[in-house]
Amino acid sequence: MATNNLAPIPELFVSYESAQKLKVEAADLTSWDLSPRQICDLELLMNGGFNPLKGFLSEEDYDGVVENMRLADGSLWPMPITLDVSEKFADSLEIGQDIALRDQEGVILATMTVTDRWEPNKAREAEKVFGADDQAHPAVNYLHNTAGKIYLGGPVTGIQQPVHYDFRARRDTPNELRAYFRKLGWRKVVAFQTRNPLHRAHQELTFRAAREAQANLLIHPVVGMTKPGDVDHFTRVRCYEAVLDKYPGSTTTMSLLPLAMRMAGPREAVWHGLIRKNYGCTHFIVGRDHAGPGNNSKGEDFYGPYDAQDLFRQHQEEMGIEMVDFKHMVYVQERAQYEPNDEIADKDDVTILNISGTELRRRLAEGLEIPEWFSFPEVVAELRKTRPPRSKQGFTVFFTGFSGSGKSTIANAVMVKLMEMGGRPVTLLDGDIVRKNLSSELGFSKEHRDLNIRRIGYVASEITKNGGIAICAPIAPYATTRRAVREDIEAFGAFIEVHVATSIEECEKRDRKGLYKLAREGKIKEFTGISDPYDVPENPELRVETEGTDVDNCAHQVILKLESMGLIAAH
Ligand code: PPS
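As the structure is a computational prediction, the values presented were derived from the model and not from experiment.

Cut-offs applied
The numbering scheme is per chain: residues are counted from 1 as the chain's sequence reads. Where local features are concerned, this predicted model is filtered to residues with pLDDT of at least 70; where side-chain atom pairs are given and counted, the filter is 80 or more; whole-chain, interface and lining totals use all residues. The side-chain figures draw on all heavy atoms in the structure; neither hydrogens nor water molecules are used. Residues are called lining when one of their atoms sits within 4 Å of a cavity or pocket point, these points coming from a 1 Å grid over the protein atoms alone, where a cavity is a set in which a 1.4 Å probe fits but cannot get out and a pocket is an open set with protein on both sides within 12 Å along at least five of seven lines. Grid points are joined across faces, edges and corners, and a volume is the space filled by probe spheres set on the points. The way it works is that DSSP assigns letters per residue, a run of H or I at least four long becomes a helix, a run of E at least two long becomes a strand, and they are numbered from the N terminus. Classification convention: Asp, Glu, Lys, Arg as charged; Ala, Val, Leu, Ile, Met, Phe, Trp, Tyr, Cys, Pro as nonpolar; all other residues, Gly among them, as polar. Exposure classes here rest on a 1.4 Å probe applied to the protein chains alone. A residue is buried below 20% of its type maximum, exposed above 50%, and partly exposed in between. Each pair of strands is called paired provided DSSP finds at least two bridges between the two strands. A single heavy atom is enough: if one lies within 4 Å of a molecule or strand, its residue is considered near that molecule or strand. Think of a polar contact as two N or O atoms within 3.5 Å of one another; within protein, one of them needs to be a possible hydrogen donor and the other a possible acceptor, and neighboring residues in sequence only count if both atoms come from side chains. UniProt positions are given in the numbering used here, feature names are shortened, and annotations may be inferred rather than shown by experiment. Any two residues having at least one pair of non-hydrogen atoms within 4.5 Å are treated as being in contact. Only buried residues count toward a nonpolar core, which is a set of Ala, Val, Leu, Ile, Met, Phe, Trp, Tyr and Cys residues joined through side-chain atoms within 4.5 Å. An automatic or database domain assignment provides the domain bounds reported here. Within this analysis, the arc is defined by the directions that extend from the helix axis to the C-beta atoms. Salt bridges, as used here, are contacts in which a Lys or Arg side-chain nitrogen is within 4 Å of a carboxyl oxygen on Asp or Glu. Structural elements are reduced to axes, namely lines fitted to C-alpha atoms, with helices fitted over the stretch in contact, and the angle between N-to-C directions of any two is expressed from 0 to 180 degrees.

## What to know about empty space enclosed by the protein
Thinking step 1. By the definition in use, this model includes three cavities of 30 Å³ or more.
Thinking step 2. In terms of lining, the largest cavity is formed by R37, M79, P80, T82, E125, F130, A139, L143, Y151 and R262.
Thinking step 3. Elements represented by at least two residues in the lining of the largest cavity include exactly α5 (122-130) and α6 (138-145).
Thinking step 4. In terms of residue class, the lining of the largest cavity is made up of six nonpolar, one polar and three charged.

Take a look at the structure:
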């Protein structure tokens with residue numbers, strides 16, 4: 001591999017003057033509001049990151065990419081970059097028509113001439129591109145459950161880049177990075193792709209990779225979309241900034257890549273390489289299980305640990321970017337330094353230390369020590385700010401059960417006990433109160449109940465995200481809706497489902513509000529437990545029996561559960 005050719009690469013933008021004109025003209029076109037993932041794809045299409053693509057893939061290109069990683073003209077391209085839309089939108093178009101592509105605020109970013117419209121075989125795409133039609137794979141899940149049914153293809157004319165307000169100085173287009181490398185005389189550049197915070201082992205391995213390739217180093221983290229559950233990019237970028245200071249002066253730089261990852265392992269590695277080539281890099285670090293999606297639905301890995309390296313190696317010559325294998329770096333206590341695991345000759349005589357990702361998350365969650373040999377104090381401090389110990393994080397207690405089961409009474413008692421302890425704000429989202437305020441226009445059909453619960457879930461997720469305690473007490477009769485709310489909330493903190501398991505007979509006997517009588521008389525329709533279904537929670541965090549147990553005791557059970565989960569400090 002020689003040095004890089006840093007001539008500018010083609011972009012899809014028109015000149016500034018043409019863009020102003022086109023923007024006015026495009027206002028009259030039929031518009032497609034891009035999804036967050038499509039915005040990421042469009043940005044890299046327009047700025048040349050996805051060179052040689054000239055737009056969203058045509059059907060012929062798509063078929064080639066899915067089948068054998070090649071565009072119709074034979075060029076290597078492993079990932080389908082498609083504009084998925086609803087059937088209704090697709091049906092409203094004529095082939096050959098220009099459409100405007102808008103961001104989520106309605107700003108026109110580009111126009112596209114629709115040359116192709118087809119219904120893809122998603123099962124085939126999943127099998128070929130991601131290795132299995134298994135929805136445990138985040139991209140397969142996206143393909144089946146988020147992506148539209150129809151794909152549109154056609155060339156794109158770029159008007160403006162998507163607007164980013166964060167870390168502007170750290171965002172570069174391929175041509176901006178190329179110009180930077182040209183200016184600094186960086187003729188060999190090794191890129192490091194990452195979606196995780198960097199610790200000492202990463203700093204060591206990236207620096208070694210650069211030294212081996214006699215190259216400069218580009219830390220090129222993805223800030224578009226990564227794997228659900230990853231540390232948010234704001235925190236990560238602050239961590240990267242801290243690590244950047246640890247490299248010898250002027251050897252290393254960092255730029256943020258607005259890519260939407262697919263976690264497609266081997267194909268993703270090749271895709272990442274092609275993108276870095278466009279950004280002017282000569283070398284690319286590929287690790288064990290590069291861009292791995294985690295386990296499949298049988299609990300096994302989707303790809304072999306070195307499949308990504310193998311596929312990259314097969315294609316690297318054609319790609320024009322060379323792979324540097326990732327070394328698994330471990331800390332050797334006696335020598336107080338990181339060394340590649342496979343180069344340690346005296347393994348039996350030394351102490352090798354390592355902290356796994358799971359162990360790190362546990363230590364953060366419990367506020368335990370994270371040693372200096374593992375990470376930089378600045379990085380740990382940033383992570384602690386975002387992931388405070390569980391006893392300082394927000395959480396949601398979600399009571400569910402029949403009307404009159406005692407949900408509200410227990411929820412009130414729990415609220416008061418938590419307020420007595422202090423430390424975090426507590427909000428009660430009681431079924432009746434929510435229906436008077438947030439959901440006053442809703443009735444009790446399945447659709448309306450779901451909407452009501454999703455609203456409660458949304459408010460609770462915001463409270464949880466901001467470090468508060470949300471206590472919800474609706475009937476929430478449907479398991480699927482409860483699961484969806486759980487997923488929304490668990491992105492930010494713990495979700496504790498409490499089934500108030502009072503039997504329907506007992507609720508009816510108590511009939512505190514006289515509603516059961518009316519329901520039996522048919523004066524209230526769709527009454528849960530009488531004339532409407534209730535899915536009993538299968539695995540709630542806690543089930544409380546109220547028959548023969550007083551309210552104080554029920555509330556205490558909830559408090560004990562919260563303590564055992566580390567959400568409130570033991571007292
Ligand atoms: S849901 O299903 O979760 O949206 O219901 P929720 O918002 O908790 O509202 C339940 C309260 O509304 C009263 N009510 C009914 N409940 C069930 N079915 C029907 N048809 C109905 N009509 C009115 C009832 O008082 C519920 O209050 P709680 O506090 O649960 O007793």
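## Quick word on the pairing of strand β19 (residues 494-500)
Thinking step 1. With seven of seven residues buried, β19 is to be regarded as a mostly interior element.
Thinking step 2. Residue alternation in β19 divides its side chains into two sets, A494, I496, V498 and V500 and F495, E497 and H499, and both sets are buried.
Thinking step 3. The pairing of strand β16 (residues 395-400) with β19 spans six bridges and is classified as parallel. By the bridge assignment for β19, F399 is matched with V498.

## So, the site of the ligand
Thinking step 1. Lining the immediate surroundings of the ligand are 22 residues, of which S403, R435, R449, N452 and E526 lie closest.
Thinking step 2. In this structure, an oxygen atom belonging to the ligand sits 2.8 Å away from a main-chain N or O atom of I475.
Thinking step 3. Between the ligand and the protein, one listed contact pairs a nitrogen atom with a backbone N or O atom of K525 at 3.1 Å.
Thinking step 4. Elements that contribute at least two residues to the shell around the ligand include exactly α14 (407-421), α15 (431-436) and α16 (446-465).
Thinking step 5. Grouping the constituent residues of the shell around the ligand by class yields nine nonpolar, six polar and seven charged.

## Examining the UniProt feature "domain: Sulphate adenylyltransferase catalytic" (unreviewed entry) in the protein chain
Thinking step 1. This chain's UniProt record puts "domain: Sulphate adenylyltransferase catalytic" (unreviewed entry) on residues 171-385.
Thinking step 2. Taken end to end, residues 171-385 has its terminal C-alpha atoms 24 Å apart, with 38% of it in helix and 15% in strand.

## Comments concerning unusual backbone geometry
Thinking step 1. In this model, N51 is joined to P52 through a cis peptide bond whose omega is 15°.
Thinking step 2. The topology assignment puts P52 in the loop between α2 (36-46) and β2 (55-56).
Thinking step 3. Unlike most non-glycine residues, M263 shows phi in positive territory, near 60°.
Thinking step 4. Checked against the element boundaries, M263 lands in the loop between β10 (252-254) and α10 (265-278).
Thinking step 5. Backbone geometry at A291 places phi at a positive 50°, although glycine is not the residue there.

## Things to note about the UniProt feature "binding site: ATP" (unreviewed entry) in the protein chain
Thinking step 1. UniProt's feature table lists "binding site: ATP" (unreviewed entry) at G401, F402, S403, G404, S405, G406, K407 and S408, given in the numbering used throughout.
Thinking step 2. Along the chain, S403 turns up in the loop between β16 and α14.
Thinking step 3. Contacts of S403, omitting those with residues within four sequence positions, involve I475, C507, L515, Y516 and F527.
Thinking step 4. Secondary-structure assignment places S408 in helix α14.
Thinking step 5. For S408, the contacting residues outside a window of four places in its chain are D430 and A473.

## Brief notes about the nonpolar core
Where a protein is soluble and globular, its nonpolar side chains tend to be buried together.
Thinking step 1. One finds F50, W77, L83, I99, L101 and L152 to be the most contacted residues of the largest nonpolar core, which totals 74 residues.
Thinking step 2. Residue assignment places this core across two domains, with domain 1 (16-158) and domain 2 (168-330) each supplying three or more.
Thinking step 3. In this view, L101 contacts W32, L34, L42, F56, L83, V107, I108, L109, A110, M112 and V156; residues no more than four positions away in its chain are not counted.
Thinking step 4. Among the nonpolar cores identified, the runner-up in size contains 37 residues, and V223, L256, F376 and L383 belong to it.

## Let's talk about helix α7 (residues 174-184)
Thinking step 1. The set of residues buried in α7 consists of P174, N175, L177, R178 and F181. Across the axial projection of α7, the buried residues extend over an arc of 160°, all falling on one side.
Thinking step 2. Positive phi appears at G185, one or two residues downstream of α7, with a value of about 70°.

## Brief notes about the pattern of salt bridges
Thinking step 1. Under the defined criterion, the tally for this structure stands at 37 salt bridges.
Thinking step 2. When the shortest N-O distance is used, the salt bridge between E441 and R455 registers 2.8 Å. In this pair, E441 is assigned in the loop between α15 and α16 and R455 in helix α16, connecting sequence segments 14 residues apart.
Thinking step 3. Taking the relative accessible area as the measure of exposure, R455 reaches 22% and is therefore partly exposed.
Thinking step 4. One salt bridge connects E508 with R520, and the closest N-O pair in it is separated by 2.7 Å. Residue E508 is found in helix α18 (residues 504-510), and its partner R520 is found in helix α19 (residues 515-520); the two are separated by twelve residues along the sequence.
Thinking step 5. For E508, a relative accessible area of 25% puts it in the partly exposed group.
Thinking step 6. The exposure class of R520 is exposed, given its relative accessible area of 54%.
Thinking step 7. Linked by salt bridges that have partners in common, R482, R486, E490, E497 and E541 make up one network.

## A short note on the domain arrangement of the protein chain
Thinking step 1. Under the domain assignment, the protein chain is made up of domain 1 (16-158), domain 2 (168-330) and domain 3 (390-564).
Thinking step 2. Taking only C-alpha atoms into account, the centre of domain 2 sits 45 Å from that of domain 3.

## Here we look at the sheet that holds strand β12 (residues 322-325)
Hydrogen bonds along the backbone pair up the strands of a sheet, which may run parallel or antiparallel.
Thinking step 1. Spatially, the five strands line up as an open sheet ordered β10-β9-β8-β11-β12, and their pairing is parallel. Each end of this open sheet is capped by a strand with a single partner; those strands are β10 and β12. Across the sheet, the axes of successive neighbouring strands diverge by a mean angle of 30°, strand direction being ignored.
Thinking step 2. Across three bridges, strand β9 (residues 216-221) lies against β10 in parallel orientation. The residue bridging L217 from the neighbouring strand is T252, located in β10.
Thinking step 3. Packed on one face of the sheet, α7 meets β8 (189-194), β9 and β10 and runs near 160° to β9.

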